[in-house]
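Inside the fold
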Amino acid sequence: MKRFRRHGQESQRDRLKQELFQFNKTVEHGFPHQPSALGYSPSLQLLAIGNRSGAIKLYGAPGVEFMGLHDENAAVTQVHFLPHQVELVTLLDDNSLHMWTLRAHKGLSELLEIGRFMLTGPPGAPPSVTRVTAVLAHSSGELLLLGTEGGHVFIVEVPGFRELEERNISLDQVASSVPDDYIGRRNLEHVEALQENPVNPNQVVIGYGRGLMVIWDLEKQCAIQHIPATQQLESVWWTEDGSYILSSHSDGSYCRWMVGAEDVNEEEEKSDIPYGHFPCKAISKIVQLPTEEGPPFLLFSGGMPRASYGDRHCITVIHSKTQVALDFTSRIIDFFAIRAGPQHTGDPSALVVLVEEELVVIDLQTEGWPVIQTPYLVPLHSSAITCSHHISAIPLKLWERVIAAGDLQNTHYSKKPWPITGGKNLAADPPQRDLLLTGHEDGTVCFWDASGVCLYPMYKLSTAGVFHTDADPNDNMNQGTEGEWPPFRKVGCFDPYSDDPRLGIQKIHLCKYSGYLTVAGTAGQILVLELNDEAAEQTVEAKVVDLLQGQEGFRWKGHTRLDVREEPVLFPPGFQPFAVVQCQPPAVVTALTLHSEWKLVAFGTSHGFGLYDYQQKNNVLIKCTLNPSDQLAMEGPLSRVKSIKKSLRQSFRRIRRSRVSLRKHHVNNALQDANARLEAELAEMELAPVQRKIEARSSDDSFTGLVRTLYFADTFLSDSSHNSPSLWAGTNGGSVFAYMLRLPPVEHRADEPVTAQPAKEIQLMHRAPVVGIVVLDGHGAPLPEPLEVAHDLARSPDMQGSHHLLVISEEQFKVFTLPKVSAKMKLKLTAMDGSRVRRVGVAWFGSSRSEDYGESGLLVLTNQGDVHVVSLPGVKMQVQYPCIRREDVSGIASCVFTKHGQGFYLISPSEFERFSLSTRFVVEPRCLVEVPLHPGTSNQRRPLRDGASSAHGAARRVMEHALLNDESEYSETEERMY
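Predicted model only: the values in this text are computed from it and were never measured. (Residues numbered from 1 in each chain as written. Predicted model: local features only at pLDDT ≥ 70, side-chain atom pairs only at ≥ 80, totals over all residues. Heavy atoms only, no water.)

1. Brief notes about the nonpolar core
In terms of nonpolar packing, the biggest core is built from 34 residues, with L435, L437, F447, L517 and F575 touching the most fellow members. Ranked by residue count, the leading element in this core is helix α4 (residues 396-409), at 4 residues. Among all residues touching L435, those that are not within four sequence positions of it are H389, H390, I391, I394, W399, F447, W448, A450, M458 and L510. The next biggest cluster of nonpolar side chains, apart from the first, holds 33 residues, and it includes I808, F813, L827 and L872. (Core = buried A, V, L, I, M, F, W, Y, C linked by side-chain atoms within 4.5 Å. Buried < 20%, exposed > 50% of the residue type's maximum accessible area, 1.4 Å probe, protein only. Helix = DSSP H or I, 4+ residues; strand = E, 2+ residues; numbered from the N terminus. Contact = heavy atoms within 4.5 Å.)

2. Regarding the packing of aromatic side chains
Here the distance between the centres and the angle between the planes together describe a pair of aromatic rings. The tally for this structure, following the rule as stated, stands at 24 aromatic pairs. Each ring, one from Y516 and one from Y614, has its centre 5.0 Å from the other, and the planes form 50°; the classification is tilted. With Y516 in strand β37 (residues 516-521) and Y614 in the loop between β45 (608-613) and β46 (618-624), this residue pair connects regions lying 98 residues apart in the sequence. What makes Y516 buried here is its relative accessible area of 14%. Of the residues examined, Y614 reaches a relative accessible area of 2% and is grouped as buried. Through pairs of rings, three or more aromatic residues link up here, namely F23, Y881, F897, Y905 and F915. Stacked on the ring of Y244, the Lys or Arg R256 has its end atom at 6.0 Å from the ring centre. Between K285 and the ring centre of F335, over which it is positioned, the NZ or CZ distance is 4.9 Å. (Phe/Tyr/Trp six-rings, centres within 6.5 Å; stacked < 30°, edge-to-face > 60°. Lys NZ or Arg CZ within 6 Å of the ring centre and 35° of its normal.)

3. Structural notes on the sheet that holds strand β12 (residues 153-157)
Taken in spatial order, the 4 strands make up an open sheet running β10-β11-β12-β13, and their pairing is antiparallel. The sheet is open, and its two borders are formed by β10 (132-137) and β13 (162-163), each paired with just one other strand. The sheet contact formed by strand β11 (residues 143-148) and β12 spans 5 bridges and is antiparallel. When the sheet's bridge partners are listed, L145 is paired in β12 with I155. (Pairing = 2+ DSSP bridges.)

4. Here we look at the side chain of S382
By secondary structure assignment, the location of S382 is in the loop between β29 (371-372) and β30 (385-391). Contact partners of S382, with chain neighbours within four places excluded, come to C493, F494, D495 and P496.

5. So, the pairing of strand β44 (residues 600-604)
A large share of β44 lies buried, amounting to 5 of its 5 residues. When strand β43 (residues 591-595) meets β44, the two strands line up antiparallel, connected through 5 bridges. Paired with L594 across the strands is V601, a residue of β44. Counting the residues in the hairpin turn of β44 and β45 gives 3 residues.

6. Considerations on α4
Compared with the 20 Å implied by 1.5 Å per residue over 14 residues, the 20 Å span of α4 between its first and last C-alpha is a close match. The complete set of buried residues in α4 reads L398, W399, V402, A405 and G406. Buried residues of α4 fall within an arc of 130° about the axis and therefore sit on the same side. Opposite the buried face of α4, at more than 90 degrees from it, the exposed residues are K397 and L408. Those residues of α4 that are buried are in contact with β32 (435-440), β33 (444-449), β34 (456-462), β38 (525-532) and β42 (574-584). (Expected span 1.5 Å × (residues − 1). Arc of directions from axis to C-beta.)

7. Structural notes on the pattern of salt bridges
For the structure on display, the rule yields 26 salt bridges. Between R52 and E356 there is a salt bridge, with the nearest N and O atoms lying 2.8 Å from each other. Placement of R52 in the loop between β3 (46-51) and β4 (55-59) and of E356 in the loop between β27 (348-355) and β28 (358-363) is noted, with a sequence separation of 304 residues between them. A relative accessible area of 36% means that R52 is categorised as partly exposed. (Salt bridge = Lys/Arg side-chain N within 4 Å of Asp/Glu carboxyl O.)

8. Thoughts on the sheet that holds strand β49 (residues 735-742)
Pairing is antiparallel across the open sheet formed by 4 strands, whose spatial order is β47-β48-β49-β50. Edge strands, defined here as strands with exactly one partner in the open sheet, are β47 (707-719) and β50 (755-763). Strand-to-strand twist of the sheet, defined as the mean angle between neighbouring strand axes without regard to direction, takes the value 25°. Pairing of strand β48 (residues 722-731) with β49, which is carried by 5 bridges, proceeds in the antiparallel orientation. Each residue of the ladder has a partner; that of A729, found in β49, is F737. (Axes fitted to C-alpha atoms, helices over the stretch in contact; angles between N-to-C directions.)

9. Points about unusual backbone geometry
P585 follows Q584 through a cis peptide bond whose omega is 0°. Cis geometry is found at the peptide bond from L872 to P873, where omega equals 5°. As for its position among the elements, P873 is in the loop between β57 (866-871) and β58 (877-882). Positive phi values are uncommon outside glycine, yet Q34 reaches one of about 55°. Even without being a glycine, Q549 presents a positive backbone phi close to 50°.

10. Quick look at the side chain of T291
In this structure, T291 sits in the loop between β22 (283-289) and β23 (297-302). Within the structure, the side chain of T291 is placed 3.3 Å from the backbone oxygen of E293, a separation counted as a polar contact. A polar atom in the side chain of T291 sits 2.8 Å from the backbone oxygen of P295. Apart from residues no more than four positions distant in its own chain, T291 is found in contact with P296, F297, H319, D347 and P348. (Polar contact = N/O pair within 3.5 Å; in protein donor to acceptor, adjacent residues only side chain to side chain.)

11. Description of the environment of K599
Residue position: K599 is located in the loop between β43 and β44. Its relative accessible area of 22% is what places K599 among the partly exposed residues. Sequence separation between K599 and Y614 is 15 residues, and the spatial gap between their C-alpha atoms is 5.9 Å. Ignoring any residue separated from it by four or fewer positions in sequence, one finds K599 in contact with Y516, Y612, D613, Y614, Q615 and R749.

What follows is the structure, encoded as C-alpha cells:
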C-alpha cells in the first residue's frame, strides 16, 4: 500500500514539475558577433545579417526576429532575398549555397532551410571554375545568376537549385564578343559584379575583375555592349532609368558609362576621383538613387586618401552641394539605402550601414542627416561588459523617471521612426517591466529594457566624472572641423578603449522601490547614487576604509586608487553620486549589497568586508578576512602574471613532494593503502549518486579571505523570540560571519549611530567557497526584499515559526536552524565529475495551469554549464538541464538569473543568450511574415524560360498557398523539392 502511495506521490510531483519547469533558450539580445554579410528585402522590409560562425538572423519591426544556423561551420559571405518572395539565399565561404524560407506554422512564421546546392564543374576542371564570387537574384524571383572565379556565369533555377546549363554564360562566349583591340585580349579574371537592368530584366551587366563590363541579353544569349574600363573593378551600379552604369575601382575612382546600342570607347569614360589625385583606397561599393525633385543621392564606401586617412572606415554621401564622409567606428561590412513610398521607389529615406561592431542607420530626410536610434542590434559591448544585474517588476514611477533621464541623453538622435518595419509582432505585451543593468570597463552602467524580445537602451550612467582621469569630459569627437577635407563626421557608439581600467564596474545593486543605486569598481571604489530628475552640482564625499585593520607584513602590489574630485561636479539628471567609499588596499570589489530601508551598503574585497551608513555617511563595520598565507590577495589583477608563475611553482613542488613520499612509503604502506582505498570505495557506494564525497580543501589555498557573498536579513540571532537586523558574509575559504545590527528608532536615525556586533561564525568543514546565503522564514519562504512588504508587493515574513539559514557553497547546500546554527539537512553536489556551483539565485516559479499556484526555488548554474532547480525549503534537486558549454568559462561567469526563473549569459562579447526555466515566464519572438502581393509578375518582365517553367511555377504556387494558409499538408516531398 505504501509503495502505491509513494508511486502516486512521485507521479503527482512529476506532473507538478511539468507545470512549473521547462527549459528553453528563447532569444539572443545584442549585436551578432563577427558579422560578415548583409541583405535587405524592400518588399518584406526585412534585414538579414550573416556571421562568420554560420548564423543567419532576420530583423523587421521591433519584436520581429528570426534566427537560423547552417550545419556547416563556415562564414556567411553573401545574403540575397528573392525579390517579392519569402525566400532568401545564403552563400558560405565553403562555396555552398543555401535556400531559406519563412514558413507559417500555427499562425507564426519560422525560418527554415529548405535546400542546399554546390556548383559542379566538368571533370578535371580546377575549383576556380565553380568558385562563386558574385550572386544576382533576378527580379523574376525564379533565377539566380552565379558569377565565378573562373569568369563563368551559371544560371540556376530557384528555389529548386536546378542548373540551366543551356543558359550558362561561359568565359569563351564573352571573350569572343570582346574586340581584339581590348588591351591584347588579356585575361578577364573573375566575375566581380552582376547587376540587372532596372527597366529591362532581360539585360544584365557582368563586371570582370580587370575592369571589363559586358551587357548580356539573357533572352538572345549574346553580348550587346561592352564597356572597356582599364582599372581594377570593385562594384557596379545600374541607374534606375537604365541609361547609365556606374563602376567603382581600386584606385579610388568611379566612372559613369552611357548605356547604348554601340560600344563605349575608353575616351568616353567619365572618371572622377572624389578625394583628389593622391593615391586613394578602393571604392568598394557605389550606389546612386534618384530623388523626385533635385539631384540624385550618391553613396560610396572607401575612396579615402591612402597615406593620410587609409585607416578610416568611411561612407561618403553626396547630395546637391552637400558632401559628408561618415566616419565609422569599425570596418564596413556592407550598406544599403531604404526608399520611401508604398512601393519603395520614392526618395532615399535612410542609409543602413553594417560595420563590424554595430549597425548604424542614418536619416537622409532630415537636415544634417542624424542617426536613428536602433531598437535592437545595439552594441552591448560599446565598452566591454564587466558585470550584469537584473531587476524584475520595476514600479512605473521609477521606470518613467529612468526613461525621462535617458531621453535627455538622446536629443542628438533623429525623431523619425525606425525605418525597418517588416512582419507583425504577435507577442503579448510583457506582463511586467524588467531592467537589465550592465557594468562596463569605462566606468559606465547601461540600463536596458529587458521586458520583451528587444533589449532596448533606456539610460546610460557614467561614473568617470567623479574621479580625476586623463580623459577630458569636454572632448567632442562627433563633430568635424569646419572646412576640413575630407568632410569627416564621426558616427556610431562603439568605443572599446577605456581611459583608465580602474574605472571598470564590477558589482551593481539597485533598489527599485527607493531609487538608490550602488556600484563598485576595479579599484575598490563604491559609489552610492540617488535618482534625481534635475541636474545638480555637488561635491561627492569620499570615505576611506582600511580593510587590513593595521595588519603588518602586507604590501599592496597592485594598482593605485582613483582620486575623487574635491571640487563640485555638475551631474546631469538621472542617477547622481552623493557618497564614495574607497577600500584600502584598492582591490576589486567582489561582493556588494544594499538595504535601502536601513540605509546601509555592505561591500567586500579579497581582504575583508565593510558596512557603510549612507544616511550618516559613516563606516559602521570593518572586518579583515585576510589569511596570513594570502599573499596573492596583495598583488591585484595587474600582478596576475606573477601569481600564475607562483601557483605553477607551488603545483610542481606539491607533485614532487607527493612522488617522493610515495616512493619512500610504498613498500611499508602498500597494505594500509589497499585497505584505505577499499574503505573509501565502500563509503562512496553508500552515498546517493548525486551526493558523492566532497574533498576537503586546505586552509592554505589562495584567496581564502576573499568575500564572495553578502546578505542582509531580519532574523533570529541571539534567541528565538527576538529578531533583529543582521549582516551575513561568506568567504572563499568556507567561512560565514554573522553580525547583529542595532538600528536607532526612525526619529533618531539621522543622529544616533548604527552599531554592529559579532554574533555567529560558521566554518564549513570542506572549506569550499560560500557563493550564496539565504534566510528562510517560518513557512520556509525566502525573506522578502527591502521595502517590498512596505509597498504591498510581498507578504510579511512569518516570524512565529523558526527561521533557517541556507548556506550555498560551491559543493553543497546546507540548512542550519536559527538561532542555534545547528545543521539540519544538506544536499551535496557531486564532486566526482568536477561540478561546482558558479551562480545561484532565488526565483519564483508560477504554474502554467493555475494562476494562484507557484513555488520558490533555488536556481543554480555549475561549472559544467548545467542549470539546476533546487526546492525550498527541502533542498531537493528538482530538474537539471544542460545550458552552457562547459568550455565557455566566460559565458558561465557572465550568467545572471532573474526572480522569475529566467537567465542571461554572454555567448560573445556583444550578445546575451536569454533562457527560461519557467513555464509561465517566457520571453520569445512570436511573429508572422506574409508573402508580399506584387503586380510585377507579368510575362513581359520575365526572361524567356524553358519548358520546366510551368511546372516550377505550379510548384511555387503550391508552396505560396501553403505559406499563406499555414497548411500542414506542406509535405516532406515538397520540402525536399525546394
